[in-house]
Amino acid sequence: MSGRTLKHLGTLILTFLLTFCLFVISTLCIVRMTVMQPDFTKLQLRRSGYVTYVTKSANTAIVNLGLGSGVPKTVFKSVPTKKVVTQDVAYFVDRAYAGAGIKLPAPKVRQALETKLTAYEKKADLTLTKAQKKAVDQLIDQAVNRYTNSIQIPYLNQIGRNVRQVQRYLLLTLIGVAVLGLILIFSLWRILHFNHRLWRYLAYALLANGLMLIIGPVALIYSRIIPRLAIKTQGLYQFVTTYLQAITWLFVIAGLLSLVLGLVATLSSELKRKQRLGG
Amino acid sequence: MKKARRFWRYVYIPLLFLGLGYGLFYVAARPFLNFISSTITLITLDRPPSFKTAAATDVFKSAKQQTAQKAAVKQQVLPSYGQLFGRLQVPAVDLQQPLYYGDGNAQLAKGAGMFNGSRFPGGAGTTLIAGHNTTAMAALSQVKLGQTIVIETNYGTYKYEITAKKVVAYNDGQAFDLSGAYKVILYTCYPTTTIGYTAQRLAVYGTLVSGPKLNL
């Protein structure tokens, strides 16, 4: 094998490693922007209409509990409101990502239940004994429990704790891979110098990275695995599928961006080559 | 020629890197592929889930009512859990409620619910029917002995005479004994005008007077 061929082979290997670095950097950046961010989770909750579903199911659970305790449907029909649910869901997500793993206090829901029950007692002219007052307190506690169980997204507390544990390592890995990428680019520069060939090999890396970022997620979208997830409750199903599809599409967008940058690098290479040959 | 070769390099080299990259992933993930594949099979369905609640298939309205003394079993349309299958009435106190098979929250929110561990009306056993004291059974406390309970189903109309009315504990096994033949028990929370969880139930007992007996 001639020296020139070896040099080309070596350059290609470095370029392939650079492709890998770019892929890892892109993936880690997307993970940092999505899975690690409570704002991304809150955005997907809004987009999926999770709050609407949860409000309805929490209301049904509370009304049914009330019916079983002699409280007419109309008393609790507007508990909880969508506004309160939105606030509590956001609070829950923030606390989950903070690693707090809390039981939602839901003070506004408790207050609404107490107010409405008191109003109903007055309207129905009910005088409660001590034992009945205790039973009413139990009813409110159970209603708040049902509400918080409706709100709390399963496993989000655990995910929040895992995110906090992994966050630092992810950042270190990102920095490490970025440094490796810079070293590879520097190595290519040393071999190829700052001419059209460097841009050409950068173009190879960017185009390959773009393809790698696009092909996998497109295959996932085409396989329709995400819409077929076996989740029983509609609200949670909508949220999880919206969340996963958003991440998948982010990969595709990142891939397209990399392809565009690759095309720009290609054009730069060709222009520089033309300039060099043209004089 | 050189230009063409240069152009094709921009195509096949990235494709080569794509193949190598995914090839490396495959090699690295190969020991876990079976696990990944079986996990995916476990957590996915054949098609996206449907959340459309089946319209409460009105078994009660869809089949013809039997007026014959003996209902052939094949003509009785047995309901699924949660389905509307009849109507409960106590005409003397203006109690009229849809009757569902099952006594869960969803059924009791809409009317009266038959405990699915009890016998269907007309069966050789006791039919146990529940309702909330603020909705389906709001008028139950007003019934008197000797009055009539009417249960209409898709397979026959049953009339029961009220033979007893008493306040019992929620866990009183004797009060809710289902072994008596051709009987019905209607019950609700007691006191009917209080709020909060109560440990007592108002139970009204009836004995079958007319209606086709089932061979079930």
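Residues numbered from 1 in each chain as written. Chains lettered and ligands numbered in written order. Predicted model: local features only at pLDDT ≥ 70, side-chain atom pairs only at ≥ 80, totals over all residues.

A word on the domain arrangement of chain B. Per the domain assignment, the segments of chain B are domain 1 (1-52) and domain 2 (59-210). Domain 1 of chain B and domain 2 of chain B are separated by 60 Å when their C-alpha centres are compared. (Domains from an automatic or database assignment.)

Our next topic: the domain arrangement of chain A. Residues and elements named next belong to chain A. Segmentation of chain A into domains returns domain 1 (3-41 + 170-278) and domain 2 (50-151). Placing a centre on the C-alpha atoms of domain 1 and another on those of domain 2 gives a separation of 48 Å. Each partner contributes residues to the interface: domain 1 has six residues there, and domain 2 has seven residues. Elements that contribute at least two residues to the side of domain 1 that touches domain 2 include exactly helix 2 (38-48) and helix 9 (234-278). The element that contributes the greatest number of residues to the side of domain 1 that touches domain 2 is helix 9, accounting for four residues. Residue classes in the side of domain 1 that touches domain 2 are distributed as two nonpolar, four polar and no charged. (Contact = placed C-beta atoms within 7 Å. Helix = DSSP H or I, 4+ residues; strand = E, 2+ residues; numbered from the N terminus. Nonpolar A, V, L, I, M, F, W, Y, C, P; charged D, E, K, R; others polar.)

On the side of chain A, 32 residues touch chain B, which itself brings 27 residues to the contact. Among the elements of the structure, helix 1 (2-43) and helix 3 (105-108) of chain B are those that each provide at least two residues to the side of chain B that touches chain A. The element that contributes the greatest number of residues to the side of chain B that touches chain A is helix 1 of chain B, accounting for nine residues. Here the residues of the side of chain B that touches chain A are counted per class, giving 17 nonpolar, nine polar and one charged.

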